[in-house]
Amino acid sequence: MKKSPHMTALTAAVLVAAMAPMAVQAQQKSTADGIAEYRKMLEDGNPADLFEAKGEDLWKQKRGPKAASLERCDLGKGPGVVKGTFVELPRFFADTGKVQDLESRLVTCMETLQGFDAAEIAKTPFGRGEMANVTALATWVAASSRGMRFNLPQSHPEEKKSYEIGKRVFFFRGGPMDFSCAGCHSVDGQRIRLQDLPNLTKNPGDGVGFAAWPAYRVSNGQMWSMQLRLNDCYRQQRFPYPGFASDITVALGTYMGVNAKGAQSIAPSIKR
Amino acid sequence: MTKKPFLFSLAAVSAAVLLASCASVPAGPTAAELDAETLKLIQVAFRDQGIAKVDRIKQDLGQSACSSDKEPTEAVADAVTAQAKNTVKWPTGGQYIGNWREGERIAQSGRGLTWTDSSAATSANGGSCYNCHQVSKEEISYGTIGPSLYNYGKNRGVRDIMAPTSQPIIEYTWMKIWNSKSYNACSNMPRFGHMGILDEKQIAHVMALLLDPNSPVNK
Amino acid sequence: MADPMRIRAQMAGDKATVRVLMSHEMETGQRRDAAGKVVPAWFIQEVSASHNGKAVLTAQWGPSIAKNPFLQFSVKGAKTGDKITVNWIDNKGDKRTDEATVT
C-alpha cells in the first residue's frame, strides 16, 4: 500500500511534536556528554601538534641578532633542560631576581641568548611576529611535560609572595560589571551558559583549568597560551588591557599552579 | 630499650633549638603589606584599550569590600547595601514594565563594554542574563551562577502588573536590577542601572520578561 | 613553502592507520574583514596519498573543510617500515609533500 505523503508528513509532525519536550530533556541531560564526545573526537588530530613542531624548530634554530639557538635556555631545571619544566612554572629565577612564568622566561632567553628586544616582543599582539613564536615555543615546552603532575616550588620567599599576590588578584573585583576571577571560578559545579567553570581556588582535577593551557581553540583556529587565556578573561571581565607577562598575570599563574598541585597536565589540549 | 627515651629527648632538644633559630629568621610580609603591594601591582599592570580605560580598576566601596575570600564584616556590608539603595533611580513616569519580547533579546545578548566593543552606549549592551540564569523554559543554554528565574513573576503571585499588590515585587525587582548590592553587599550580579550597562527602557523590558504574566517566563 | 604536515602511520592489525594534520588557513572566500572587504578564498583543492609509491587515496576538497584540517585513513596490506607520502595542492597552486614511515 502506498502511503500518502500527506499522512506521512502529519505522522512525522506528530512524532516531532511529541518528541520535542523529550528531546529538550534528553538534550539537557546529554549536552555535557555531547560536548565531551565532541572533544574526544577532536583529541586525535589536535592542530596544537603543528605549533608544537614549530616550537621545537624555533628552540633549535639559530636566530636573532646573536644568531644563537635557545638550547642553553634555563627554564628552571638548568640550561637546556626542557622536560618537566612546564609543571614547575611559575618559579623564582636568580638571574632575573623575579618569579617568572613560561612565556616571560622564554622572552628572557630570547633576549639574553638571541639578542631580541624583550619590550618589543611584549608589545607585539598575540598571534603576530615574535609573539607568535613565543606561543609556539610555549606549546612545545608544555608538550614536553605532557602527562606529568604540577609541582610548583614554594620554597623561595618570592614564590610564596607570588602565591599570596595571585590570590588577592584572583579575588579583586573591578570594572563596570564588578567581575573578578573568583566570581566565576571559586565555586564547584558552576557553569556560564553551557560552559563548565572549574574551581581554581583548589585542584580542579587532571587536565582541567591551569592543566589544560596552552590549548588550540577550534572555533577561531588559534593557539592560545596561558597569557592569552588570561588576557581574554580580563577582556570578558570588562577590565582594561593587562600587560603581557605583567607581575599580576604571573602571580595568577602561581596561584592556580600551586592550587593545582598533583593535577596531571594535558597541555597542549584542544578546546571548542 | 633505655636508648629510646634518650634519642627522643635528644630529638626534642634539637627540635627546640631549630624552632628557636627559626624564630630569629625574618618573617614574610604581613597580610596588610601584601594587600598594599597587590593594589600597587594592579595599578601598573593595565593600560587603556578601546573603550576599556584604566579608570575602570579604581574600586568603589562595593568592590573593595568584596575583594577577598572572606565575607566583609556586618558593619561594612550594611554600609555597602545602604549606599547601594541610595543610588537607585526610579523609571521616568513610573514606566516599570516594558515589552517582554525586547526583554528576551536583551537577556540573550552578552554584548557590550569589552575592549573589542566599539561603543560604550547602553544601546550597544546586552543584559547577559542567560550567562548566569535560567530564564525562559525554552532556552536550554543557560548558566547556573545565579538562581533560576523561570516562573519569576508567577512564583511571586504577580497575576496583574497593574494591581497595587504587585507594586512591592515590582519595586524590589527594579532595585535588584538597578543595583544588586541594595540587597546583597557582595552580589555577583552586575549593577545594571548604577553602572550604566542598561538604561531605564532596557531594564523595563527585562522587568516585563520576568513579571509580565504573558511572558514565556511565567507560562 | 607552507608549514609541514604532521603524519603518523601506525599498524593496527593488517592495516596501517594514517593520521595527517595539515597546516592551512582554508579560507572560504565568504568571510569579510573588519573593513568589509571579502577575504579571498584560499583552500586545499587536491589531496593525494601513496603507499610505497603507489597511489592509495585522492580527494577533492572545497571551502567547507576546516582550518588546519585533520585527515585519517587506513591502508590495507601495509607493513612496518613502509613509506606513506601525502601531498596537497591549493587553489593558488601552492603545494606541500611530506612523508612518514609506518611504525
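Trainee: Quick rundown of the packing of helix 6 (residues 157-170) of chain A against helix 2 (residues 31-45) of chain B? Include the residues and the values.
Mentor: Where helix 6 of chain A meets helix 2 of chain B, the closest approach of the two axes is 9 Å, and the angle between their N-to-C directions is 65 degrees. Judged by the angle between their axes, helix 6 of chain A and helix 2 of chain B are roughly perpendicular. Between helix 6 of chain A and helix 2 of chain B lies a crossing whose hand is right-handed. Together, Glu164(A), Ile165(A), Arg168(A) and Val169(A) of helix 6 of chain A and Leu34(B), Asp35(B), Glu37(B), Thr38(B), Leu41(B) and Ile42(B) of helix 2 of chain B make up the contact between the two elements.

Trainee: So what's going on with the arrangement of the chains? Which residues, and what values?
Mentor: The assembly contains two pairs of chains in contact; the pair sharing the most contacts is chains A and B. The two units chain B and chain C remain apart, with a minimum C-alpha distance of 12 Å.

Trainee: Describe the interface of chain A and chain C, and please don't skip the residues or the numbers.
Mentor: In this complex, chain A contributes eight residues to the contact, which on the side of chain C involves 10 residues. A per-class count over the side of chain A that touches chain C returns three nonpolar, two polar and three charged.

Trainee: Kindly report on the interface of chain B and chain A, identifying the contributing residues and their values.
Mentor: Chain B puts 42 residues into the contact, and the matching count from chain A is 37 residues. If you list the elements that add at least two residues to the side of chain B that touches chain A, you get helix 2, strand 1 (46-47) and helix 6 (129-132) of chain B. Its residues placed into classes, the side of chain B that touches chain A shows 20 nonpolar, 14 polar and eight charged. In this sheet, strand 1 of chain B lies alongside strand 7 (residues 241-242) of chain A in antiparallel orientation, the contact comprising two bridges. Its bridge partner lying in strand 1 of chain B, Tyr241(A) is registered against Arg47(B).

Definitions and limits used
Residues numbered from 1 in each chain as written. Chains lettered and ligands numbered in written order. Predicted model: local features only at pLDDT ≥ 70, side-chain atom pairs only at ≥ 80, totals over all residues. Axes fitted to C-alpha atoms, helices over the stretch in contact; angles between N-to-C directions. Helix = DSSP H or I, 4+ residues; strand = E, 2+ residues; numbered from the N terminus. Parallel < 35°, antiparallel > 145°, perpendicular 65-115°, else oblique. Left-handed = near helix turned anticlockwise from the far one by under 90°. Contact = placed C-beta atoms within 7 Å. Nonpolar A, V, L, I, M, F, W, Y, C, P; charged D, E, K, R; others polar. Pairing = 2+ DSSP bridges.

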